[in-house]
There are 2 protein chains.
Amino acid sequence: MPASPIRKLAPFAAAAKARGMEIFHLNIGQPDVASPPEFWKALDEADHTNVAYSPSEGIPELREAMAKDYQKKGINVTPEQILTTTAGSEALVFAMTAILNPGEEVIVPEPMYANYIGFAVMAGVKAVPITTHIEDGFALPSVEDFEAKIGPKTKAILVCNPGNPTGTVYTDEQLEGLRDLAIKHDIFLIADEVYREFNYTGKPVKSMLQLEGIDDRVVMIDSVSKKWSLCGARLGFLVSRNEEVNQTALRAAQARLSPPTLGQIGTMGALTTPASYYEDVRSEYMKRRDLLVSRLRAMDGVVCPDINGAFYATVKLPVEDADHFCEWILGEFDLNGKTVMMAPASGFYETPGLGKQEVRIAYVLNCEKLGEAMDCVEAALKQYPGRTN
Amino acid sequence: MPASPIRKLAPFAAAAKARGMEIFHLNIGQPDVASPPEFWKALDEADHTNVAYSPSEGIPELREAMAKDYQKKGINVTPEQILTTTAGSEALVFAMTAILNPGEEVIVPEPMYANYIGFAVMAGVKAVPITTHIEDGFALPSVEDFEAKIGPKTKAILVCNPGNPTGTVYTDEQLEGLRDLAIKHDIFLIADEVYREFNYTGKPVKSMLQLEGIDDRVVMIDSVSKKWSLCGARLGFLVSRNEEVNQTALRAAQARLSPPTLGQIGTMGALTTPASYYEDVRSEYMKRRDLLVSRLRAMDGVVCPDINGAFYATVKLPVEDADHFCEWILGEFDLNGKTVMMAPASGFYETPGLGKQEVRIAYVLNCEKLGEAMDCVEAALKQYPGRTN
């Protein structure tokens, strides 16, 4: 795999750091908010003799607690329909491996989470992009547009909802459109719902597993990384009512023995987190989102669409080449010893040439730091020699 | 992948448990000894804000501490030559992926750790077995025998030393023979050394990385699972001085983002474990090994070779079909409400039909329980209807 545009920035960031610059990291979805204390409490109280393998499918009590948690959210699944994985990453690879044969295709709206491409490579399958556009807030393409992409090798559609890198939340009607399409063409829906808790629409976000009439063709991906700021615990879930998919994924899980036991123990604690935690986290991210949107929209030539979920915005800058702007702001720019690292959006498009004027901003810093980061972006856009308007 | 002989035993074990039987688990390499308290202490003292991604290659301080630890053992490597992985399992997949192209071959002495086959499937490569024999203590085949297996597709030889499932420890001369072969045929050596600390020969066991004249063709696999009873921490290492291998493995590591952070934090603590821990653990396993060998050799018709390392023995039983015996001892046998689960050795041979009279016994129970387990095996062999002599 070629180095991604984000990785290409690493030496520029390292050089800036070496010069003593403070860098605001808006480039990676690494939340700064605190994990639930219940996570640490469960770890502290665990048997400290040793750390044993868990069953390949996960600790039974964890799968039961997860099933109850989904049921509370109106997602009806049994513990047997939940496979514990080494983060959402592994769940996505297992899903692709279980659903697609090598060489087959999964349709994915772009801009997309860049690692989908890597996971598809690992599974030996092809991610076929369907382009969404900043002009209409990266809205889900129409059923007709999806249908035009479906060919004999198409086995699945993969959507991330709420969406990374766009912050888009899909409507029930849009999800139902995908359901009808999946039934009509006998394909699967893979729903990456790891940002479920980050929904600012005021209405509940529907899980693909709540769609009626398509029990056997949905595979949902979940993770503890984002909802509890536990990216390093490496714990995720593949949830499906399709027994064949679950059996195939289980065999893949058995080949790698066990998902991380410590993350599982802590997660059993995190599942007892009171509702106030989620409300506090959501209101914190909404404050940041509001700040980010108002600051960006006040900048000349910047296009910032509505952001309804997750903690990302993909925005258009008045620059010819955002890859270069992201290098320049790290390498040449300096606002009182501070600068910003952002992810060039070109890395989130599979279609070559798209997203050249866009960047992804992860608002994973508190409002004070985020405000300072926006000061940097604003000043940098004024100074940048490659500005277009 | 077909279900392994061990997995086929699972329903028999479940049924025995449902009948209220106590089962001595000699079937899996899940150590019962305590992990170093330093592991837990480091976790307790860690920043409890949240659990962040680590760099894909591992936390820098951990890689530095590991390098120092290797240097203390006479294995000269730098932190940059150590890639942190999600357990030894992932390190093995990365090693195969980095060294072999799809369809190429790695030669592995059999009986072998059964998951090597699964890892080879994941990497799209072929594990070619070279058979070792219980009659000569599963000694490493001669250089000539290895050479006869080397063909145009051969890219590596993989050995586990000290060995799972045989408990064999290879001599310096044997390792040097493999080195010369690797140089002659321009192939790699993959050394699975996760049992390094479990060496009962009284002489140091040489790491492949200590062989002279072959710096660039050795990839060593390490893990915290066995040495510190941390199987569930899912933390391992790929160690190599070959920069191209390291770069390729790093790209694979970047695709899965981060190895487990909690395991890394704990491991930094575990690396400060005093020497007495390892001595205590080794002497405990040697006591068990002595008990196991003496009990097995006292049983009519049982062949138990010398065991010099790891915590396994592959032994020959006076039965036609050890797969069936392992089912029978779980399903039909009962010694005061107790019985034994063992791993049929057929699952450790890639050549069909081999190992039918052998089982692998993991001596991961204390001497009292191990003695009771041996009582069961002894009594069962007397009662078993399929006995051969």
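Keep in mind that this is a model prediction, so the values were computed, not measured.

> I keep staring at the pattern of salt bridges and nothing clicks. Help me out?
Oppositely charged side chains may form a pair once their charged atoms are brought near each other. Taken as a whole and assessed by the stated rule, the structure comprises 52 salt bridges over all chains. Ionic pairing is found between A:Arg241 and A:Asp215, a salt bridge with its closest N-O pair at 3.3 Å. Of the two residues, A:Arg241 sits in the loop between strand S8 (236–240) and helix H8 (243–255) while A:Asp215 sits in the loop between strand S6 (188–192) and strand S7 (218–223), which places them 26 residues apart along the sequence. Residue A:Asp215 is classed as partly exposed on the basis of its relative accessible area of 44%. Linking B:Asp69 and B:Lys72 is a salt bridge whose minimum nitrogen-to-oxygen distance equals 3.9 Å. Linking B:Asp69 with B:Lys72, this pair stays in helix H3 (residues 60–72), spanning 3 residues, or about one helical turn. When salt bridges that share partners are traced, they join A:Asp69, A:Lys72, A:Lys73, A:Glu193, A:Arg196, A:Glu197, A:Asp222 and A:Lys227 into one network.

> In this structure, what is going on with the confidence of the model for chain A? I would like to understand it.
Close reading of the predicted structure is inappropriate where its pLDDT is low. Taken over all residues, the pLDDT of chain A has a mean of 96, while the share at 70 or more is 99%. With pTM at 0.94, the complex prediction returns an ipTM value of 0.92.

> Help me understand the sheet that holds strand S4 (residues 126–131) of chain A in this model?
Note: strands within a sheet are paired through backbone hydrogen bonds, in either parallel or antiparallel orientation. All names here are of chain A. An order of S2-S8-S7-S6-S5-S3-S4 is seen for the 7 strands of this open sheet, with the pairing classed as mixed. The outermost strands of the open sheet, each flanked by one partner alone, are strand S2 (82–85) and S4. For this sheet the average axis-to-axis angle between neighbouring strands, irrespective of direction, equals 25°. As paired strands, S7 and S8 are joined by 5 bridges and run antiparallel to one another. Its bridge partner lying in S8, Ser-223 is registered against Gly-236.

> Before we go on, may I ask you to explain the interface of chain B and chain A in this structure?
For interface size, the figure often reported is the accessible area lost on association. Taken together, the contact pairs 46 residues of chain B with 46 residues of chain A. Taking both sides of the interface into account, the surface hidden between chain B and chain A amounts to around 3,500 Å²; carbon and sulfur atoms contribute 57%. Linking chain B with chain A are 0 salt bridges. For the interface between chain B and chain A, the tally reads 28 residue pairs in polar contact (both at pLDDT 80 or more). At the level of elements, helix H2 (37–45), helix H5 (115–123), helix H8 (243–255) and helix H9 (261–270) of chain B are the ones that each hand at least two residues to the side of chain B that touches chain A.

> Explanation requested: unusual backbone geometry in the structure shown.
A negative phi holds for most residues other than glycine; trans holds for most peptide bonds. In this structure, the amide linkage connecting A:Asn164 to the following residue, A:Pro165, adopts the cis form with an omega of 15°. In this structure, B:Asp186 is a non-glycine residue whose phi angle is positive, near 55°. By the element assignment, B:Asp186 lies in the loop between helix H7 (172–185) and strand S6 (188–192). The backbone of B:Asn336 sits at a positive phi, close to 55°, despite the residue not being glycine. Topologically, B:Asn336 is positioned in the loop between helix H11 (322–331) and strand S10 (338–341).

> Even after reading the chapter, I still don't get the sheet that holds strand S2 (residues 82–85) of chain B, so can you show me in this structure?
All names here are of chain B. Strand order across the open sheet formed by 7 strands is S2-S8-S7-S6-S5-S3-S4, with mixed pairing between neighbours. Of all strands in the sheet, those bounded by a partner on one side alone are S2 and strand S4 (126–131). Here the strands of the sheet are splayed against their neighbours by 25° on average, with no regard to which way each runs. Where helix H4 (residues 87–99) meets the sheet, its contacts fall on S2, strand S5 (154–160), S6, strand S7 (218–223) and strand S8 (236–240), and the angle it forms with S7 comes to roughly 165°. With respect to the sheet, H8 is in contact with S2, S6, S7 and S8, its orientation differing from that of S8 by roughly 155°.

> Help me understand the relation of the copies chain B and chain A in this model?
Think of it as a corkscrew move, a rotation about one axis and a shift along it, taking one chain copy to the other. Each copy of the sequence occupies a distinct position, and chain B is placed on chain A by a rotation of 180° and an axial shift of 0.0 Å, giving an RMSD of 0.0 Å. Interpreted geometrically, this transformation is the action of a two-fold axis. Both copies present the same face, since 100% of the interface residues in chain B are matched by interface residues at the equivalent positions in chain A.

> Help me understand helix H12 (residues 367–383) of chain B in this model?
Over its 17 residues, H12(B) extends 24 Å from the first C-alpha to the last, a length consistent with the 24 Å expected when each residue adds 1.5 Å. Looking at the buried side of H12(B), the elements it contacts are strand S1 (22–25), helix H10 (275–297), H11, S10 and strand S12 (358–362) of chain B.

> Sorry, what's going on with the pairing of strand S5 (residues 154–160) of chain A here?
Residues and elements named next belong to chain A. Counted residue by residue, S5 has 6 buried out of 7 residues, so it is predominantly covered. Relative to S5, strand S3 (residues 105–110) runs parallel, the two being bridged by 3 bridges. Paired with Val-106 across the bridge in S5 is Ala-156. Where S5 meets S6, 5 bridges bridge the pair, whose relative direction is parallel. Note on S6: the bridge partner recorded for Cys-160 is Asp-192. Following the backbone out of S5, through helix H7 (residues 172–185) and into the adjacent parallel S6, one traces a crossover that is right-handed.

> Please explain the packing of aromatic side chains as it appears in this structure.
Aromatic ring pairs: the centre-centre distance and the angle between the two ring planes describe each pair. The tally for this structure, following the rule as stated, stands at 32 aromatic pairs over all chains. Here the aromatic rings of B:Tyr195 and B:Phe311 are separated by 5.4 Å at their centres, their planes lie at 90°, and the arrangement is edge-to-face. Placement of B:Tyr195 in the loop between S6 and S7 and of B:Phe311 in the loop between H10 and strand S9 (312–316) is noted, with a sequence separation of 116 residues between them. With a relative accessible area of 3%, B:Tyr195 lands in the buried category. Aromatic ring contacts, followed pair by pair, group A:Tyr195, A:Phe198, A:Tyr285, A:Phe311, A:Tyr312 and A:Tyr363 into a single cluster. In this structure, A:Lys227 packs its charged tip against the face of A:Trp228, placed 5.3 Å from the ring centre. The ring of B:Tyr285 carries B:Arg288 above its face, with NZ or CZ at 4.9 Å from the centroid.

What counts as what
- Residues numbered from 1 in each chain as written.
- Chains lettered and ligands numbered in written order.
- Predicted model: local features only at pLDDT ≥ 70, side-chain atom pairs only at ≥ 80, totals over all residues.
- Heavy atoms only, no water.
- Salt bridge = Lys/Arg side-chain N within 4 Å of Asp/Glu carboxyl O.
- Helix = DSSP H or I, 4+ residues; strand = E, 2+ residues; numbered from the N terminus.
- Buried < 20%, exposed > 50% of the residue type's maximum accessible area, 1.4 Å probe, protein only.
- pLDDT = per-residue confidence, 0-100.
- Pairing = 2+ DSSP bridges.
- Axes fitted to C-alpha atoms, helices over the stretch in contact; angles between N-to-C directions.
- Contact = heavy atoms within 4.5 Å.
- Buried area = accessible area lost by both parts, 1.4 Å probe.
- Polar contact = N/O pair within 3.5 Å; in protein donor to acceptor, adjacent residues only side chain to side chain.
- Least-squares fit on C-alpha atoms with pLDDT ≥ 70 in both.
- Expected span 1.5 Å × (residues − 1).
- Right-handed = clockwise from strand over helix to strand, strands pointing away.
- Phe/Tyr/Trp six-rings, centres within 6.5 Å; stacked < 30°, edge-to-face > 60°.
- Lys NZ or Arg CZ within 6 Å of the ring centre and 35° of its normal.

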